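So you can see what is in the structure, the chains are spelled out below.
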Number of protein chains: 2
Amino acid sequence: MRAMLLALLLSCAFTPAQTSGPPERRVDSVDPFIGTKGMGHCYPGATVPFGFVQLSPDTDTAKYSLDGKTYRKEVYRYCAGYQHGDPTIVGFSHTHLHGTGHSDLGDFLVMPTVGPLRLEPGKADRPGSGYRSRYRDEVARPGYYAVQLTDPGVKAELTATSRVGLHRYTFPRSAESRLVLDLVHAIYDYEGKVLWSRVQVKGPDLVVGTRHTRGWARDRHLYFAMSFSKPFKAYGQQGEPASVYRGFWRKWDQTRNFPEMAGTRLRLHFDFDTEEGETVLVKMGLSAVSEEGALANLRAEVPGWDFDGVAAAASAAWEKELSRIDFAGTASQRRTFYTAFYHSLLGPVEFQDVDGRYRGVDGAVHEARGFTNHTVFSLWDTHRALHPLYTLIQPRRAGDMVQSMLAHYDQTPWKMLPVWSHHGQENWCMTGYHAVSVLADAWTKGLRGFDGERAFAAMKATATKSEFEGLGDYLKFGWVPDEGNDASASKTLEYAYDDWAIAQMARALGKPAEEAEFLRRARSGRALWDPKTGFVRARKRDGSWREPFDPLQTHDQGYIEGNAWNYTLAMPHDAAWLVKQAGGPAAFGRRLDQLFTMPLDDRFFAGTEDLGRVSMMGTYAHGNEPSHHVPYLYAWAGQPWKTQERVRAILGQMYQDRPDGLCGNDDVGQLSAWYLFSALGFYPVAPGSGQYVIGAPASREVAIALENGRRLLLRAPRLDAENLYIQGITLNGQPWDKAYFRHADLVRGGEIVYHMGPRPNKAWGTAPGSLPDSLPLE
Amino acid sequence: MRAMLLALLLSCAFTPAQTSGPPERRVDSVDPFIGTKGMGHCYPGATVPFGFVQLSPDTDTAKYSLDGKTYRKEVYRYCAGYQHGDPTIVGFSHTHLHGTGHSDLGDFLVMPTVGPLRLEPGKADRPGSGYRSRYRDEVARPGYYAVQLTDPGVKAELTATSRVGLHRYTFPRSAESRLVLDLVHAIYDYEGKVLWSRVQVKGPDLVVGTRHTRGWARDRHLYFAMSFSKPFKAYGQQGEPASVYRGFWRKWDQTRNFPEMAGTRLRLHFDFDTEEGETVLVKMGLSAVSEEGALANLRAEVPGWDFDGVAAAASAAWEKELSRIDFAGTASQRRTFYTAFYHSLLGPVEFQDVDGRYRGVDGAVHEARGFTNHTVFSLWDTHRALHPLYTLIQPRRAGDMVQSMLAHYDQTPWKMLPVWSHHGQENWCMTGYHAVSVLADAWTKGLRGFDGERAFAAMKATATKSEFEGLGDYLKFGWVPDEGNDASASKTLEYAYDDWAIAQMARALGKPAEEAEFLRRARSGRALWDPKTGFVRARKRDGSWREPFDPLQTHDQGYIEGNAWNYTLAMPHDAAWLVKQAGGPAAFGRRLDQLFTMPLDDRFFAGTEDLGRVSMMGTYAHGNEPSHHVPYLYAWAGQPWKTQERVRAILGQMYQDRPDGLCGNDDVGQLSAWYLFSALGFYPVAPGSGQYVIGAPASREVAIALENGRRLLLRAPRLDAENLYIQGITLNGQPWDKAYFRHADLVRGGEIVYHMGPRPNKAWGTAPGSLPDSLPLE
């Protein structure tokens, strides 16, 4: 094992960044193709930081069967609509989820064609059977994407602002040049997905429209305004029979040049005569509010036709965001780091018109006052590291996200904070109510851009919603009984952690009774400890255990996306108790070693679609989130050097500088946020604690420009392939012996020096008092 | 014939109204059941004048097959959702079209039930198979409806404001009392009609929701806010499977007490414990803008729970509207007159929220500034008499309707005035572009509440839209060629009349070139005159006639809702030319006589679903509109006394004081408006001329309170069953020998006296210069 680990480490030399020549731009280190092949579920297209528009090529979207019986692997594979290396591109759609394990969006696909009209996408293995095209010469940079579409002979270039996608197509000479707008196309596509769509042609260069879709987001309205740099000579639609289109009387030929088209199967074309090398630009503004809003967004963000200017502005916006962290390393290290950073900034996106109006989860239009509304909250994933990352490096936006969650709470008739929310919808995906973790983390770390009392009321209401999956039983029995509850063990553990986070908020607000109540609830995970097997297990109402039990098995055990080996450790707030149950620190350490090193046979992977071998280390599964904090638990075993080893191994093995370089779904940036924290040398094991457990820095020098104007310099001057272990740490010149940092220490700025050496210093970080806080043992 | 005519007339004695006792309220003379059986397509429920809400019982709605192959008679029969005498009531829905020949609406059905939960309506012939109920003791008055539902033992009472329906249900004692809210129910129902619906429970007495439907209106959004006088103890839905409801994960039992329900097949129930005789009130505000708008409408119009007060206010609103005309007559005459008047005020309804916002035909939300927005424009029908009625008796509202049409024009991407429009949709139903008639009629009669130039521009744009059905060919060939055009002869005639109306507008605005151009187009009907047969016929491009030709046949002849006998006379603006072609006045008179007296066999009625024998007089068909002016054409034959005879006969035969008393669809009040004008003694043969052809008064005394503050008294002091013929007329004491009145004469107010006698005065109204204007002969 050690040999393998070192081999991995040797592949990345720890050299400082170049210091001569023109300053290297951080955007030049981003490779948007990383994570676009295999499990990453990333898209390579054009977007700006936290931009609502993600204009990106779709190579396929797969079909889903609504009866729920066939959740095809292909649908999962195409969560982002793209797999690197696919033979064809279907077209360019304006919305994509980043890294999710469930698919949706893919709105408003545009595709250039030349030749006879084809309004069906056609088959990837039958070139010419539809409008899709083979391609070459893909280029992707932050805010820019280009490709040569070989079938029509058109070069396509894409860029974006937050609410506008801008396309530039370079056509050959033809009297049959077209742009297809496919309103049937969707990611997470199935029969009946499009509830309704309507397009109005306002003039020969302006089209507005809307689409209402079911899907993962159950009931999603999206509007667009689409402007062309050159007037089309004709237009039309196919696919929508007139009998559906009108109830009674036919007045017009509604397939050609009729300026209102509507229905559930609309595919449109806009026709042009083009000269050789002529460019036709299209810009599409999006809004979830109205067509008028889409038009206002379009006009505000891209008033003209300066494609290169918009692309340069997008690049500059990325450079500005990425400049919050200066990371020194080899070109490949920087590419991995800055691409992870880039991926972490695709996360919850801005979701409002330029005038501040947005569609709430109640379906009504609201105005965001005093904050910027955000959406795409994949909280089961992102409460772990992505939101804490924002709290550290961009607390202003973190505050916006908190406000967005509180607005969501206000707007729901069921009065709960978001669970998995996007585009004004609650998807109820995954378990727990982890928004409370985000709120507690923000508040306890000093964010004051929102009303703490209001936040606490929402947290408490959310945590006492007895109708919510098993929560009533959890309150009654002390755990979520296995009967009638999927993933009862996972739910119990997650509720317990979330309750601990609420208790931290209660303490910060001076609410001792509520603090005590939620601390009591936070111990609920203990009830699932089975002393006989030594695992946390799903438990029935009568206290008996779910059988049969297989601690290696992920399915049918009462867990979700993890097995007993991993979930038993999913008590980040109660680690000391766990250590005690395991038989003390040494035994706990052996348990962790066993987790990371046990051999796994192929059976483990059967039916576990999220995971490939690359994402595994023993039975530790990095491709799913429940164990993301586990490498850092060695601190409680008194073996912080093993955290350093494991973290380095994971950084090296599971984040590679290539399209299939992500070992699992990036999950709206959680996987990347793990990378960022770990590369800095610390990780928020229990958000809400205000503490980061120290790991292993990955760069000799990192500088963080904090929003409060201060600068935090992280140095590891001796770090190289030999000197991998922390010998000691100095914080602003003072020795730092604890196994963790406090948030307050970091945001004061200054300098942390990791003193590295070739062998573990087993004394550092292991003295009494070195450990982060856990729940008291009783 | 004469014998039959007199027999009919004798059935209604011409006696003056009571003058002793308390003053009779006009609302007491309205019987909302008239027209609810058979062809009238009226509903008996509660509404206010021009109110957006029509809260009425639905006895059935029938199912339509979307493939267009089966347009079932039943669907037609249930255009208003109600047929008098049906065995059961399904429930009470909030929107209904009045008198139309195409069905739609029926939104938001509420029904009380007692006992086990049943959320399917069930079958009419199987009591207890669903929530529908047998009933007795129906009562209907303007603004109020009541019925005893015998299956649950619940008394239901309904009243309304413009935007709110208020229900009062008197329950028996039960722990299983419920109110069903069926969001699948619809008039013009078919599989897939509901594109989406969503309900949010905001509290135990407040629910908001929305429904998006296809239908006749292709793409209609309606929102509601529903408040209960008593909190429900529980609620739920059935019919919407969770697999459709959520894409991925089940969190809740979404059938019981889950406060957000959505899908395409939602049927909800709200449960109560009730004591014997306990009333539960429900009020539902509607909006086409948003749920917020619906709630604001609800709170503004019905803030409390004073059912009787709201019903009294509705009654008072009706009394106020009906008091514009004082009509003297027997109880039955007054019932027929005031019910017709009532029916004429159900017409284009107010379509905006209390804050002036409404959903335009572009799907966007607009604000009505300086006018009240109206919808339900059945212009092929209503341009004839209903809109001219408004121009005469309520020009302010007529101006609002003109403004609404201009706003519609502005909002369409195709830039045309409405053809058949309701709830922010263009249905494109029937032929012509008769909005221009309404605008020209209003302007030439002196309405100045809108911009004439803007109106003319819209009229001209509408009339030059060459893509519109056959209009390009009409402009090219001089008529709509029969090839590829349904109803080519009807279209030609209608375009020609509409063009004449535009010419009147052009003249009024001082546009001689455009006046000449549209006068030229107004002669287009002449091109269809076939001298060989003496009929106006469908003609091909090469000038040949459509064959085979049967002048009695309505179908497959190039006409719509009429045959050659009727359509040949459909040139109200070109009557003099028609008379000349027919061989002069005497021959023309014989032709009219033949039309009204020819025997018709049963074959005529085959396949003519709109018409029963009662609507026929010879081959004159009063149940359809194209001939509504024809009885008045005797003026051009020099035989005004025959107009007097025919009009009396039609008044007596085709408007009866009983549920099946209407001979045809009331068509949003056109049939009733014909009654009103005819009963006053004149009719607008060619709207836009500013002239009314004189017919036969039906009352000894009618007083019209004009909006300009003046009073027009119409007296026929000697009128009785003997003295049926006009001997002469005096207008403010001066003899009036013309066969027509001018609008300007009427709105000055004063007194018109019809001097009646037992025999025709063949000299009156027949001297040279007595005739209304027609197009010049060349």
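What counts and what doesn't
Residues numbered from 1 in each chain as written. Chains lettered and ligands numbered in written order. Predicted model: local features only at pLDDT ≥ 70, side-chain atom pairs only at ≥ 80, totals over all residues. Heavy atoms only, no water. Helix = DSSP H or I, 4+ residues; strand = E, 2+ residues; numbered from the N terminus. Buried < 20%, exposed > 50% of the residue type's maximum accessible area, 1.4 Å probe, protein only. Areas by Shrake-Rupley, 256 points an atom, 1.4 Å probe, with all protein chains shown as cover. Lys, Arg positive; Asp, Glu negative; His and termini not counted. Charge placed at Lys NZ, Arg CZ, Asp CG, Glu CD. Pairing = 2+ DSSP bridges. Domains from an automatic or database assignment. Salt bridge = Lys/Arg side-chain N within 4 Å of Asp/Glu carboxyl O. Polar contact = N/O pair within 3.5 Å; in protein donor to acceptor, adjacent residues only side chain to side chain. Core = buried A, V, L, I, M, F, W, Y, C linked by side-chain atoms within 4.5 Å. pLDDT = per-residue confidence, 0-100. Contact = heavy atoms within 4.5 Å. Axes fitted to C-alpha atoms, helices over the stretch in contact; angles between N-to-C directions. Disulfide = S-S within 2.5 Å. Phe/Tyr/Trp six-rings, centres within 6.5 Å; stacked < 30°, edge-to-face > 60°.

Engineer: So what's going on with the overall build of chain A? Residues and values would help.
Structural biologist: Within chain A one finds 20 helices and 36 strands. Seen through its principal axes, chain A has C-alpha atoms that stretch 80 × 65 × 50 Å. Each of the 778 residues in chain A was classed as buried or not, and the buried ones make up 67%. Of the roughly 24,400 Å² that chain A leaves accessible, carbon and sulfur atoms contribute 50%. Across chain A, the centroid of the 87 positively charged side chains sits 2 Å from that of the 89 negatively charged ones.

Engineer: Outline the sheet that holds strand S24 (residues 425-426) of chain A, listing residues and values.
Structural biologist: Residue and element names in this part refer to chain A. Here three strands make up an open sheet; going across it, the order is S22-S23-S24 and the pairing antiparallel. A strand with exactly one partner marks an edge of an open sheet, and here the two such strands are strand S22 (377-378) and S24. Sheet topology note: the S22/strand S23 (residues 420-422) ladder contains two bridges and is antiparallel. Across the sheet, residue phenylalanine 377 finds its bridge partner in S23, namely serine 421.

Engineer: Pulling in residues and values, what's your account of the domain arrangement of chain A?
Structural biologist: All names here are of chain A. As assigned here, chain A comprises domain 1 (1-30 + 328-352 + 550-778) and domain 2 (31-320). Taking the mean C-alpha position of each, domain 1 and domain 2 sit 38 Å from one another. Summed over the shared surface of domain 1 and domain 2, the number is one salt bridge. Ionic pairing is found between arginine 26 and glutamate 319, a salt bridge with its closest N-O pair at 2.8 Å. Viewed at the interface, domain 2 and domain 1 are joined by 19 residue pairs in polar contact (both at pLDDT 80 or more). Mapped by element, the contributors of at least two residues to the side of domain 1 that touches domain 2 are helix H6 (331-344) and strand S18 (349-350). It is H6 that contributes the most residues to the side of domain 1 that touches domain 2, five residues altogether.

Engineer: Break down the pairing of strand S15 (residues 267-274) of chain B for me, with residues and values.
Structural biologist: Residues and elements named next belong to chain B. In terms of residue burial, S15 counts as a mostly covered element, since seven of its eight residues are buried. With seven bridges joining them, strand S9 (residues 174-182) and S15 adopt antiparallel strand pairing. Note that in S15 the partner of leucine 181 across the bridge is leucine 268. As judged from the five bridges shared by strand S13 (residues 234-238) and S15, these two strands associate in the antiparallel manner.

Engineer: If you had to explain the environment of A:Lys580 to someone new, which residues and values would you point to?
Structural biologist: Residues and elements named next belong to chain A. With respect to the helices, strands and loops of the structure, lysine 580 is situated in helix H16 (residues 575-582). Here lysine 580 falls in the partly exposed class, since its relative accessible area comes to 47%. Residues lysine 580 and leucine 777, 197 residues apart in the sequence, show an inter-C-alpha distance of 8.7 Å.

Engineer: So what about the nonpolar core? Which residues, and what values?
Structural biologist: In terms of nonpolar packing, the biggest core is built from 219 residues, with B:Phe92, B:Tyr169, B:Leu181, B:Phe224, B:Leu417, B:Phe682 and B:Tyr754 touching the most fellow members. Ranked by residues supplied to this core, first place goes to helix H13 (residues 488-508) of chain B with 11 residues. Residues lining this core come from more than one domain, with at least three contributed by each of domain 1 (1-30 + 328-352 + 550-778) and domain 2 (31-320) of chain B. The next biggest cluster of nonpolar side chains, apart from the first, holds 217 residues, and it includes A:Leu379, A:Ala489, A:Trp529 and A:Ile704.

Engineer: Provide a residue-level description of the confidence of the model for chain A, including the pertinent values.
Structural biologist: Residues and elements named next belong to chain A. Here chain A averages 93 in pLDDT, while 93% of its residues score no lower than 70. When the criterion is pLDDT under 50, residues 1-19 qualifies, and its contacts beyond four places in sequence or with other chains add up to 31 contacts. Per-residue pLDDT stays below 50 along residues 243-249; that stretch engages in 26 contacts with residues further than four places along the chain or on separate chains. Note on the complex model: pTM 0.94, ipTM 0.92.

Engineer: Mind laying out the sheet that holds strand S8 (residues 164-171) of chain B, listing which residues take part and the relevant values?
Structural biologist: Sheet strands line up and pair through hydrogen bonds in the backbone, either parallel or antiparallel. All names here are of chain B. What the 10 strands build is an open sheet, ordered S2-S5-S6-S7-S8-S16-S12-S11-S10-S14; its pairing is antiparallel. This sheet does not close on itself; its edge strands, each paired only once, are strand S2 (88-89) and strand S14 (260-263). As defined by bridge partners, S8 adjoins strand S16 (residues 278-287) across eight bridges and the pair is classed as antiparallel. What sits directly across from valine 164, in S16, is glycine 285. Packing of helix H4 (residues 291-301) onto the sheet brings it into contact with S8, strand S10 (194-203), strand S11 (206-213), strand S12 (220-228) and S16, and relative to S16 it is tilted by some 125 degrees.

Engineer: So what about the state of the cysteines? Which residues, and what values?
Structural biologist: All names here are of chain B. If you walk through the whole model with that rule in mind, you get zero disulfides over all chains. Not part of a disulfide, cysteine 429 finds its nearest cysteine sulfur in cysteine 79, a span of 10 Å. Classification of cysteine 429 as buried rests on a relative accessible area of 5%. Note on cysteine 663: no disulfide assigned, nearest cysteine sulfur contributed by cysteine 42 at a separation of 11 Å. According to the relative accessible area criterion, cysteine 663 is buried, its value standing at 1%.

Engineer: Describe in detail the packing of aromatic side chains, supporting the description with residues and values.
Structural biologist: Within this structure, the stated rule accounts for 92 aromatic pairs over all chains. With a centroid separation of 5.6 Å and an interplanar angle of 85 degrees, the aromatic rings of A:Phe682 and A:Phe741 are classed as edge-to-face. With A:Phe682 in strand S29 (residues 682-683) and A:Phe741 in strand S35 (residues 740-742), this residue pair connects regions lying 59 residues apart in the sequence. Summarising the burial analysis for this pair, A:Phe682 and A:Phe741 share the class buried. Measuring from ring centre to ring centre gives 6.2 Å for B:Trp674 and B:Tyr683, while their planes differ by 50 degrees; the resulting arrangement is tilted.

Engineer: How would you explain the environment of B:Leu149 if you had to name every residue and give the values?
Structural biologist: Residues and elements named next belong to chain B. Structurally, the position occupied by leucine 149 is in strand S6 (residues 144-149). On a C-alpha basis, the gap between leucine 149 and alanine 705 in space is 41 Å, while along the polypeptide they are 556 residues apart. Discounting chain neighbours no more than four positions away, the residues touching leucine 149 are Ile89, Phe92, Met111, Pro112, Ser133, Arg134, Tyr135, Val154 and Ala156.

Engineer: How would you summarise the pattern of salt bridges if you had to cite specific residues and measurements?
Structural biologist: Counted according to the given criterion, the structure contains 104 salt bridges over all chains. For A:Glu469, the salt bridge identified is with A:Lys491, shortest N-O distance 3.0 Å. Placement of the pair is A:Glu469 in the loop between helix H11 (452-463) and helix H12 (471-477) and A:Lys491 in helix H13 (residues 488-508), with a sequence separation of 22 residues. Classification of A:Glu469 by relative accessible area gives buried; the value is 4%. Judged by relative accessible area, A:Lys491 falls into the buried class, the value being 2%. The shortest N-O distance in the salt bridge between B:Glu24 and B:Arg334 comes to 3.5 Å.

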